[in-house]
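Chain by chain, the residues:
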Amino acid sequence: MGFIDVITNRFKKPEGRVEGVEKVTGRGKYAAEYEVKNICYAVLVNSRIPSGRIKSIFTDKAKEVEGVIDIVTHLHKPIVPGLATEDKIKESKFGLPVFHTDKVFFKGQPIAMVIADTLEDATFAASLVEAEYEKDSFSVDFDSAKESIPLKAEAKERGNQEVFENLPFIIDEQYNIKADVHNPMEMHATIAHWTANDFLRLYDKNQGVNNVQKTFAKLFELPEKNVEVFSEFVGGGFGSGLRVWPHVLASVMAAKQVNRPVKLMLTRPQMFAGTGYRPASWQRLKIGADKDGNLLAVLHQSKNGTSKYENFNDGITRVTRLIYKLPNLKTEAAIVPLNLSTPTWMRGPGDCTGVFALESAVDELSYQLKMDPVELRLKNISLEKHPDSGLPWSTHFLDEGLKKGAKMIGWEARKPNPKSITDGDWYIGYGMAVGMWNAGRREAKAAIIFHKDGNIVVQTAMTDIGTGTGTGMQNIAHEITGISKDKISIELGNSSLPPAPSQGGSTGLSSVSGAVYEVSNQLKLKLAEYASTINPNFKDAAFENIILSESKISLKNNSAVSVSYDELFEKNNLSEVRVEVSSKPGDEQKKYAFCSSAAHFCKVRVNKRTGKVKIEKIAVVGDGGKIINSQAAANQMSGAAVGGIGMALMEENQIDAKLGSLIANDLAGYHFAVNADAPIIEVDFIHKPDPNINPSGAKGLGEVGIIGTAPAIANAIYNAIGLRMRDLPITPDKILMALNQR
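Residues numbered from 1 in each chain as written. Predicted model: local features only at pLDDT ≥ 70, side-chain atom pairs only at ≥ 80, totals over all residues. Heavy atoms only, no water.

1. Re the pattern of salt bridges
As a reminder, the rule being used: What counts as a salt bridge is simple: a side-chain nitrogen of Lys or Arg found within 4 Å of a carboxyl oxygen of Asp or Glu. Buried, partly exposed and exposed residues are distinguished by accessible area as a fraction of the type maximum, computed with a 1.4 Å probe on protein chains only: under 20%, between the cut-offs, and over 50%, respectively. Think of it this way: any DSSP run of H or I at least four residues long counts as a helix, any run of E at least two long counts as a strand, and we number them from the N terminus.
Inspection of every chain in the model, using the stated rule, returns 37 salt bridges. For glutamate 19, the salt bridge is made with lysine 23, and the minimal N-O distance between the two is 3.3 Å. Judged by its relative accessible area of 9%, glutamate 19 falls in the buried class. One salt bridge in this structure joins arginine 605 and aspartate 423, with 3.1 Å as the shortest N-O distance. In this pair, arginine 605 sits in strand β25 (residues 595-607) while aspartate 423 sits in strand β16 (residues 421-423), placing the two residues 182 residues apart along the sequence.

This is the structure we're talking about:
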């Protein structure tokens, strides 16, 4: 017995994350780690121009490399029925029709794929593939391209904008944010295996196996059951795994072409170009208040980058319709086509970007009004109803979060006048902001398999991307059934399990928790039904009155009534008991509005000589309804805050406007927050269940931990140095330039 076996057996089912042992011992398989017989390797060849078309591709040298099996191009490829014609390509809405066009939309676009017996052979051969292009003009500079794109109204206007004429306090400013990249630790990878001519098996890094299953069933005109997708362990996604990217289709095509299993793993630069990013954005936010601090009007305009081949609107102005009462409101938006790959949802999509402008402007207004920023928000947050739909909030406790967060950060030490607190070369400042998210829930299914020894397996197809969903499921099953956690196993991330939505948009646990809650109760009723054949007292027992223990089923109101599992299984001739249920939203969606929220507070130090910003402490209070898994929830919030630090202070997807190339597109050149940049992050929750969103009372927390972090940091910087920074990231050179210009 080896070391890993000893560790695994000794700590087989510890208290904590259900997948913890598998991850730390290496038993948990990520997409690229599955062992498949007769596997070969694919490597993508990327375009060297940002716009034009392919005139010729030269593959002869690459084919001479020993071990090369085949090379896929737009001239030599297997048939994909769903992309067979231009009309079908449009109908598929797949995005980039990889290897189905000679057009080049961005630098780094896959134009060929080498398949070989080894990764080394495939990599070397890929370097020998050459192409001749017909070049075209291109545009990759968002700042210049946006000027010619007109704005359009996004949603119904509230009130009118004429009210600005009579408001004594108005902020009207512009905000710019550079593109950010997800950069999860695990590389995007796929193993594609056609186990039969019409049966596809995929081991793929994604955030929703059923979405991948449906996509390929449609593209290859297969029954969904003929596409099996595994994504049990995921090393981070942050939104990058919410859609099916071209490289996944490429791997499937490769496997079809050579009739062997194919593994395709992207390099880090290929991920920069091929798996999405938070798009660059511009915003104008005009907001006005009366002398008492009532926010009465707002105009929010936004533009974000997209690709030339696909429209992506990040929904930047949506958050402005969510937080404050604002009786007069107008939002406008536009997308700016660029010769870059398509952006996608990134943690807190749209709202994270939009709230930077909104909360920066509200903070700026607080200084004009000479009103405490916390007081200003408490005065204007719409706590009773959704300001757009008019529906009453099911629960909404952002006011409590603000009060609690202020105490946690020591807000009483803040000085209202900037530059009031110094420590040698350091200015010290306090800032805050709020974040909100429309809490959602989608239909999900779950099953429980009950064994004679009292062990149960809870199943759902939902993927746990590291957020603790599996542990949350275990906690719910334990709470409802009473069965100890060490006897509850979790199976997820497999499309053959009961279907569930993708893990994203803060709807994961909110959706699947209802199914686990319901299936746990149905298990109790099913076991009571079997027990009633032995003891009639179990007939028609309510699930609230049923108790499951290590070895028997009994009744709460009559402890003398019990049936052992051994007897129950033997009497009913059972090998196992399986129950499956579906849980989905109901009429409550028409009666109530649902939201998650967070109050973000920050204390910073800004060095007047170097421009360096050091975040000393972050405090965040989240309203996520009932907290199913307290440690994972706290990790969600603190991890999101670190992401917000990166967005505020360092992250920028740099682009060479002359060459159309991404610059520093790797982990060495792209700056993001690491452990040394993370301060003390104190997290707390409201701990009040939402009685209407789902049976568990849990609301999502994945997004609100980052929404509001960046403006809280920017507002703290203003309080420290008295200079308003409206462009992200806020790097030391920008601070020094601002200090020197004053």
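2. Thoughts on the packing of aromatic side chains
What counts, and what does not: Only the six-membered ring of Trp is used, alongside the rings of Phe and Tyr, when aromatic pairs are assigned; centres must lie within 6.5 Å, and planes under 30 degrees apart are stacked while those over 60 apart are edge-to-face, with the rest tilted. Look at NZ for Lys and CZ for Arg. If either is within 6 Å of the ring centre and within 35 degrees of the ring normal, a charge sits over the ring.
If you walk through the whole model with that rule in mind, you get 16 aromatic pairs. Consider the rings of phenylalanine 450 and tyrosine 565, whose centres lie 4.9 Å apart with planes at 75 degrees: the pair is edge-to-face. Taken together, the residues phenylalanine 450 in strand β18 (residues 444-450) and tyrosine 565 in helix α15 (residues 565-571) connect sequence positions 115 residues apart. Assigned by exposure class, phenylalanine 450 and tyrosine 565 land together as buried. Among the aromatic residues, ring-to-ring pairing joins Tyr34, Tyr203 and Phe230 into one connected group. Across from the ring centre of tryptophan 194, 3.7 Å away, lies the NZ or CZ of lysine 256, which sits over that ring.

3. Considering the nonpolar core
In summary, soluble globular proteins display a tendency toward joint burial of nonpolar side chains. Definition in use: Nonpolar core, defined: a set of buried Ala, Val, Leu, Ile, Met, Phe, Trp, Tyr and Cys residues in which side-chain atoms within 4.5 Å join the residues together. Any two residues whose heavy atoms approach within 4.5 Å at even a single point are treated as in contact.
Counting 91 residues, the largest nonpolar core has Ile287, Ile323, Phe601, Leu649 and Ile717 as its most contacted members. Apart from the residues within four sequence positions on either side, isoleucine 323 is in contact with Val355, Leu358, Asn380, Ile381, Ser382, Pro387, Val434 and Met436. Counting 42 residues, the second largest nonpolar core, distinct from the first, contains Phe450, Val458, Met473 and Ile553.

4. Brief notes about the sheet that holds strand β19 (residues 456-459)
In a beta sheet, neighbouring strands are held together by backbone hydrogen bonds and run either parallel or antiparallel to one another. Basically, it comes down to this: In this analysis, strands are considered paired if DSSP registers two or more bridges between them. Axis lines are fitted to C-alpha atoms, over the contacting stretch for helices. Their N-to-C directions set the angle, which ranges from 0 to 180 degrees.
Sheet architecture is open: 4 strands sit in the order β20-β19-β18-β24, paired in mixed fashion. The sheet is open, and its two borders are formed by β20 (488-491) and β24 (577-583), each paired with just one other strand. Taking each pair of neighbouring strands and ignoring which way they run, the sheet shows an average axis angle of 20 degrees. Relative to β19, β18 runs antiparallel, the two sharing 4 bridges. Residue pairing for β19: phenylalanine 450 is matched across the bridge by isoleucine 456.

5. Examining unusual backbone geometry
Residues leucine 728 and proline 729 are joined by a peptide bond in cis, for which omega reads 5 degrees. Checked against the element boundaries, proline 729 lands in the loop between β30 (727-728) and α19 (732-741). Backbone geometry places aspartate 540, a non-glycine residue, at a positive phi of 65 degrees. Within the element layout of this structure, aspartate 540 appears in the loop between α14 (508-531) and β21 (546-548). Positioned with a positive phi, histidine 687 is a non-glycine residue whose angle comes to about 60 degrees. Structurally, the position occupied by histidine 687 is in the loop between β29 (680-685) and α18 (709-721). With a relative accessible area of 49%, histidine 687 lands in the partly exposed category.

6. Remarks on the packing of helix α11 (residues 373-380) against helix α12 (residues 398-409)
Keep this limit in mind: What sets the label is the angle itself: under 35 degrees gives roughly parallel, over 145 gives roughly antiparallel, 65 to 115 gives roughly perpendicular, and the rest give oblique. The nonpolar class holds Ala, Val, Leu, Ile, Met, Phe, Trp, Tyr, Cys and Pro. Asp, Glu, Lys and Arg form the charged class, and all remaining residues, Gly among them, are polar.
Closest axis-to-axis distance for the α11/α12 pair is 10 Å, and the angle between their directions is 170 degrees. The angle between the axes of α11 and α12 places the two elements in the roughly antiparallel class. Residue-level inspection shows Val374, Arg377 and Leu378 of α11 in contact with α12, the latter providing Asp399, Leu402 and Lys403. Among the residues forming the contact of α11 with α12, the class breakdown is 3 nonpolar, no polar and 3 charged.

7. Comments concerning the environment of threonine 190
Operational definition: Residues adjacent in sequence count toward polar contacts only when both atoms are side-chain atoms; beyond that, a polar contact is any pair of N or O atoms within 3.5 Å, and within protein one must be able to donate a hydrogen and the other to accept it.
Relative to the assigned elements, threonine 190 resides in strand β9 (residues 189-196). Put simply, threonine 190 and lysine 330 are 140 residues apart on the chain and 44 Å apart in space, counted from C-alpha to C-alpha. Dropping the residues within four chain positions of it, threonine 190 is found in contact with Leu202, Tyr203, Asp204, His247, Val248, Ser251, Val262, Lys263 and Leu264. In terms of polar contacts, threonine 190 uses its side chain to reach the side chain of aspartate 204, at 2.6 Å.

8. Here we look at the side chain of threonine 709
Relative to the elements of secondary structure, threonine 709 occurs in helix α18. On the basis of relative accessible area, threonine 709 is assigned to the buried category, the value being 3%. Side-chain polar atoms of threonine 709 contact the backbone oxygen of glycine 705, separated by 3.0 Å. Every residue in contact with threonine 709, bar those within four places of it in the chain, is listed here: His600, Ala641, Gly644 and Ile645.

9. Some remarks on the environment of serine 307
Secondary-structure assignment places serine 307 in strand β14 (residues 295-307). For the pair serine 307 and isoleucine 686, spaced 379 residues apart in sequence, the C-alpha to C-alpha distance is 41 Å. Residues within four places of serine 307 in sequence aside, it is in contact with Pro337, Leu338, Leu340, Ser341, Thr342 and Pro343. Polar contacts involving the side chain of serine 307 include one to the side chain of threonine 342, which spans 2.8 Å.

That is the geometry; function is a separate question.
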